[in-house]
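Given next are the chains, with one letter for each unit.
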Amino acid sequence: MLAYIVRRILATIPVMAVVTVFVFALLHLSPGDPAAIIAGDTATAADIARIHAKLGLDQPLYVQFATWAWNLLHGDLGISIFTNLPVLKLIGQRVEPTLALTVSTLVVSIAVAIPLGIVAAWKAGTWIDRVVMMFAVLGFSVPVFVLAYLLIYALSIATKLLPVQGYVSPGDGLWPFLAHLVMPSIALGLVYSALIARITRASMLDVLSQDYIRTAQAKGLPNDKVLIGHALRNAAIPIVTIIGIGVALLIGGVVVTETVFAIPGLGRLTVDAILRRDYPIIQGVILVFSAVYVMINLLVDLSYAVLDPRIRY
Amino acid sequence: MSVTPTAVVLPIVPARRGRVATYVRRHPTIAIGGGILGLMIAIAIFAPFLGTVDPVALAPAKRLRWPSADYWFGTDMFGRDLYSRTLYGTRVSLTVGVSVALLSISVGAAIGLVSGFNRWVDAIVMRVMDGLMSIPAILIAIALMALSRASLQNVVLAITVAEVPRVTRLVRGVVLTLREQPYVEAAIASGTQTIHILWRHIVPNTIAPVLVQGTFIAASAMITEAILSFIGAGTPPTIPSWGNVMAEGRAVFQVAYYIVLFPGIMLSITVLGINLLGDGLRDALDPRLARRL
């Protein structure tokens, strides 16, 4: 068990190394002089030279990478071109809204999707199953910002039930905090919960056809005990896996959701950085998001051993 | 989904329509999804003949007109006709979806085939793919677009880079299973050239899963293109793509929500159609997987 944990943790190192090389290479993958592109169309030669020096672009590639990676290991993500502030500090300022949004979305999506998937599998072939599957297909098809605008129209503009946009820190009142999160969480969570519901149903269908389920039913166990205690427990691994993999959808969706709802989080920071071509910020955000994604999937892998004691690696 | 005896009886039914009806009944999702996609392709091709005007013609005097008999979808803040812009937007979305699907499948399948057949290549390529897959696809596309000039080709390339790892993994997985099959081992044992084995025994077996994957890639590429344009990192604002139209409508959403509404609905319907088609194809081509999902 310990060996498994250590092996899995070590396995994240090459993955993160590839991510690091990719993020570094981004600046050099594009055709032309990156400094000229960052500076924009109206830049003077002096502007371009300044960005050159700032990003260390006048040094050999391997020196650039070594310096960059060395700074990275010391928690230095570079300096923003536009604001001249450390990227890590800028990211730190924006973590709270994004964390609030993603965690609330994660919790709500799981709480809605797993029961939906279980019911759909239990009532497979009935209209309940069909409605749930319809929801899943729609969830994959309605882009996050389309749903976001439909929600804003229905819940804010037409009925004035919820604030149109913005973010309120939980320190400034719990109710306003939650009220501002309702619509973004629904918009962001739709595709994620569709994915989870679909996998839950598939995994449960697999398990429900097993002999031990029939045995459990034959000995007169109530349905809820069969479904939760026997079936869900054995169907858990694919579900937990997709919860981890699906976080990529949340991270991608955050960029859009924060733009639509004017939430000052990491997604908004990314979009602003794109418009200003502030490359160190874009690189920093990608690194942070990827590291979080890798960590979450590491936790998912480690949870296998807990969920299924038969697994011995 | 097993083949029912009706398939054998069918030839007795004289009309062609009978066969089509049976097919539709047996694969409703393919029929609905294919129908929607066909309609969208028709709209894209015949956009100039569907009562549209120049989608980029400015008419400041007629800005922000609500949908009416004259302007079916209304006008935007520059007075451009939204009905025309939305219809022409179909071209952009479908072009991106199809191009990304074709490109990422060709590149991904090529890498996956080699990787599944060569242990050394596999060890290196798969580490790289694992790394790329741990960066959320949309962030890869955003990062690539942020440093390139806004153009349709660059959007297609950026989304393709993000999608390639998934195809590679899929094809490699199929190759690894097939390699253990007796007929492939027999071919190897009898000294068949690797290229022949790949072409005659491996490639035909990857077509079904890759085709299904291709539809899902097309759907997600269309959403990604809209997202990129929406946040200002996609197709140049001069091209009337759905994402661009929605991005322009963002600022005036509270007074003119129809600007965001129409392209949004079109995008959702198109993606829904492609997803249904993909689901249907998967059910039809791979009954084993269909039961599980």
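Asks: In this structure, what is going on with the overall build of chain A? I would like to understand it.
Replies: Looking only at helices and strands, chain A has 13 helices and zero strands in total. Listing the helices and strands of chain A from first to last along the sequence gives α-α-α-α-α-α-α-α-α-α-α-α-α. Taken along the three principal axes of its C-alpha coordinates, chain A extends 80 × 55 × 40 Å. A total of 313 residues make up chain A; the buried ones form 40% of that total. Taking all contacts inside chain A whose residues are at least 6 apart in sequence as the whole, residues at least 24 apart take part in 71%.

Asks: Can you help me understand the overall build of chain B in this one?
Replies: The helix and strand tally for chain B stands at twelve helices and zero strands. Element order for chain B, N to C, with α for helix and β for strand: α-α-α-α-α-α-α-α-α-α-α-α. For chain B, the spread of C-alpha atoms along the principal axes amounts to about 75 × 60 × 30 Å. Split into buried and exposed, the 293 residues of chain B put 45% on the buried side.

Asks: Help me out: how do you make sense of the environment of Gly92 of chain A in this one?
Replies: Residues and elements named next belong to chain A. Residue position: Gly92 is located in helix α5 (residues 87-122). Gly92 sits in the exposed class, given 11 other C-beta atoms within 10 Å. Taking the C-alpha atoms as reference points, Gly92 and Ile157, 65 residues apart in sequence, are found 33 Å from one another.

Asks: Please explain the packing of helix α11 (residues 247-260) of chain A against helix α12 (residues 266-275) of chain A as it appears in this structure.
Replies: Axis angle and axis distance: for two packed helices, these are the angle between their axes and the distance between the axes, and together they describe the pair. Residues and elements named next belong to chain A. Contact geometry for α11 and α12: axes closest at 7 Å, N-to-C directions at 85 degrees. When the axis of α11 is compared with that of α12, the two are roughly perpendicular. Residues Val254, Val255, Thr257, Glu258 and Thr259 of α11 form the contact with α12, whose participating residues are Leu266, Gly267, Arg268, Thr270 and Val271. Of the residues assigned to the contact of α11 with α12, the class counts are four nonpolar, four polar and two charged.

Asks: Is there a simple way to think about the interface of chain B and chain A in this case?
Replies: When the parts of a complex come together, some accessible area is lost, and that lost area is often taken as the interface size. Contacts between chain B and chain A engage 38 residues on the former and 42 residues on the latter. Where the side of chain B that touches chain A is concerned, the elements lending two or more residues are α5 (119-133), α6 (137-146), α9 (194-230) and α11 (258-285) of chain B. Per-element accounting of the side of chain B that touches chain A gives the leading share, nine residues, to α11 of chain B. Residues of the side of chain B that touches chain A, tallied by class, amount to 26 nonpolar, eight polar and four charged.

Asks: What am I meant to see in the nonpolar core here?
Replies: Judged by nonpolar contacts, the single largest core of 162 residues is most densely connected at Ala148 and Ile196 of chain A together with Ala141 and Ile142 of chain B. Apart from residues no more than four positions distant in its own chain, Ile196 of chain A is found in contact with Ser109, Ile110, Ala113, Ile114, Gly117, Ile239, Ile242, Ile243 and Gly246 of chain A.

Asks: Where do I start with the confidence of the model for chain B in this structure?
Replies: Detailed conclusions should not be drawn from predicted coordinates in areas where pLDDT is low. Residue and element names in this part refer to chain B. With 91% of its residues at a pLDDT of 70 or more, chain B has an overall mean of 83. Mean pLDDT values for the elements of chain B range from 44 in helix α1 (residues 6-9) up to 91 in helix α4 (residues 82-117). With pLDDT under 50 throughout, residues 1-13 is counted as low confidence; its partners more than four residues away or in other chains account for nine contacts.

Asks: What is the right way to look at the environment of Leu50 of chain B in this model?
Replies: Note that Leu50 of chain B resides in the loop between α3 (28-45) and α4. Taking the C-alpha atoms as reference points, Leu50 of chain B and Ala150 of chain B, 100 residues apart in sequence, are found 29 Å from one another.

Asks: Hey, could you run me through unusual backbone geometry in this one?
Replies: Only a minority of non-glycine residues have a phi that is not negative, and only a minority of peptide bonds are not trans. Residue and element names in this part refer to chain A. At Lys160, a position not held by glycine, the phi torsion is positive, near 55 degrees. Accessibility expressed as a C-beta count within 10 Å gives 9 for Lys160, which makes it exposed. Even without a glycine there, the phi angle at Arg277 is positive, about 50 degrees. Within the secondary structure, Arg277 sits in the loop between α12 and α13 (279-307).

Asks: What's the story with the packing of α4 of chain B against α11 of chain B in this structure? I'm lost.
Replies: Residue and element names in this part refer to chain B. The N-to-C vectors of α4 and α11 enclose an angle of 30 degrees; their axes lie 10 Å apart at closest approach. As α4 packs across α11, the resulting crossing turns out to be right-handed. Judged by residue contacts, Leu82, Thr86, Gly89, Thr90 and Ser93 of α4 engage Ile259, Phe262, Pro263, Met266, Leu267 and Thr270 from α11. Looking at the contact of α4 with α11, its residues break down into six nonpolar, five polar and no charged.

Asks: It is not clear to me how helix α9 (residues 211-218) of chain A should be interpreted in this structure. Could you clarify?
Replies: In an α-helix, one turn spans 3.6 residues, which is why side chains three or four residues apart end up on the same side. Counting buried positions over the eight residues of α9 of chain A gives zero, only a small fraction of the element. Immediately downstream of α9 of chain A, the backbone of Gly220 of chain A shows phi near 85 degrees, a positive value.

Asks: I tried to follow the confidence of the model for chain A on my own but got confused; where do I start?
Replies: Averaged over chain A, the pLDDT score is 87; the fraction of residues at 70 or greater is 97%. Taken element by element, the predicted model of chain A shows its lowest mean pLDDT in helix α2 (residues 34-39) of chain A (72) and its highest in α5 of chain A (93).

Asks: Please clarify how the environment of Leu178 of chain B should be interpreted in this entry.
Replies: Residues and elements named next belong to chain B. If you trace the backbone, Leu178 turns up in helix α7 (residues 152-179). With 54 residues separating them in the primary sequence, Leu178 and Ile124 have C-alpha atoms 21 Å apart. Leave out the neighbours within four places in its chain, and Leu178 touches Val184, His201, Ile202 and Asn205.

Reading the values: rules and limits
Residues numbered from 1 in each chain as written. Chains lettered and ligands numbered in written order. Predicted model: local features only at pLDDT ≥ 70, side-chain atom pairs only at ≥ 80, totals over all residues. Helix = DSSP H or I, 4+ residues; strand = E, 2+ residues; numbered from the N terminus. Buried ≥ 20, exposed ≤ 12 C-beta atoms within 10 Å, placed from the backbone. Contact = placed C-beta atoms within 7 Å. Axes fitted to C-alpha atoms, helices over the stretch in contact; angles between N-to-C directions. Parallel < 35°, antiparallel > 145°, perpendicular 65-115°, else oblique. Nonpolar A, V, L, I, M, F, W, Y, C, P; charged D, E, K, R; others polar. Core = buried A, V, L, I, M, F, W, Y, C linked by C-beta atoms within 7 Å. pLDDT = per-residue confidence, 0-100. Left-handed = near helix turned anticlockwise from the far one by under 90°.

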